[in-house]
Amino acid sequence: MADVNRHEAWDLFCEWTESDSLRKHVLAVEAGMVAYARENGEDEELWAATGILHDLDYEKHPDLETGHPRIALEVLREKGYPDVLIDAVAGHAPYLGVPRETQLAKTLYAVDELSGFVTACALVRPTGIHGMTPKSVKKKMKTPAFAAAINREELRAGAEQLGVDFDEHLAFVIAALEERSAELALDGAEPASA
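Being a predicted model, the structure only gives us computed values, none of them experimental.

Asks: Tell me what's going on with the packing of aromatic side chains, and back it up with residues and numbers.
Replies: This structure, assessed with the given rule, holds three aromatic pairs. With a centroid separation of 6.1 Å and an interplanar angle of 20°, the aromatic rings of W10 and F13 are classed as stacked. Taken together, the positions of W10 and F13, both in helix α1 (residues 6–16) and three residues apart, correspond to about one turn of that helix. A relative accessible area of 0% means that F13 is categorised as buried. Residues F117 and F146 carry aromatic rings whose centres are separated by 5.6 Å and whose planes lie at 85° to one another, so their mutual orientation is edge-to-face. Taken together, the positions of F117 in helix α6 (residues 103–123) and F146 in the loop between α7 (134–141) and α8 (152–162) put the pair 29 residues apart, joining distant regions of the chain.

This is the structure in structure tokens:
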């Protein structure tokens, strides 16, 4: 596979995944990845596909000991995806111990869990993601019971590995998700004020 195509990646992901929430998660990660690709002059199709495919096997093989993302890595290799994408997918799972050496891998790690946390924050706000600030997200981070499965240290470590200030990274990811808020169902129950 010489060129990576975002739409082919999405079709492949949808073949493997029926969960609406998991589909929305990878679209949120894709939004952050594409925003960073655009910001840094990187290949947007490659970065979009990486964001979409990172959880390819999660619904069918969620076991972190033997499944996710090992099965996905095999499938991506078989389908001829480039090593840089495969390495990034491997690197997003800290328990595999794969070093994140490329900008693509560092960005996926930085965007993945944070996208999930920002989404969780937006879903409990009347205006959704609209008007959300880094301060409000950091306040939710201090509540251990809120989105408890998300490791707060990994959220900060991702920004650190990316070499960006955590607040700036938060604001950047919020803005990226807000751009696609309708598709991600993050508009909230009340219309945002203009």
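Asks: Pulling in residues and values, what's your account of the pattern of salt bridges?
Replies: Pairing of side chains with opposite charge becomes possible as their charged atoms draw close. With the rule as written, the count across this model stands at six salt bridges. D20 is the salt-bridge partner of K24, the closest N and O atoms lying 2.5 Å from each other. One end of the pair, K24, and the other, D20, are both in helix α2 (residues 20–40), four residues apart, so they sit about a helical turn from each other. The class for K24 is partly exposed, based on a relative accessible area of 24%. Residue classification places D20 among the partly exposed residues on the basis of a relative accessible area of 49%.

Quick notes on the rules
- Residues numbered from 1 in each chain as written.
- Predicted model: local features only at pLDDT ≥ 70, side-chain atom pairs only at ≥ 80, totals over all residues.
- Heavy atoms only, no water.
- Phe/Tyr/Trp six-rings, centres within 6.5 Å; stacked < 30°, edge-to-face > 60°.
- Helix = DSSP H or I, 4+ residues; strand = E, 2+ residues; numbered from the N terminus.
- Buried < 20%, exposed > 50% of the residue type's maximum accessible area, 1.4 Å probe, protein only.
- Salt bridge = Lys/Arg side-chain N within 4 Å of Asp/Glu carboxyl O.

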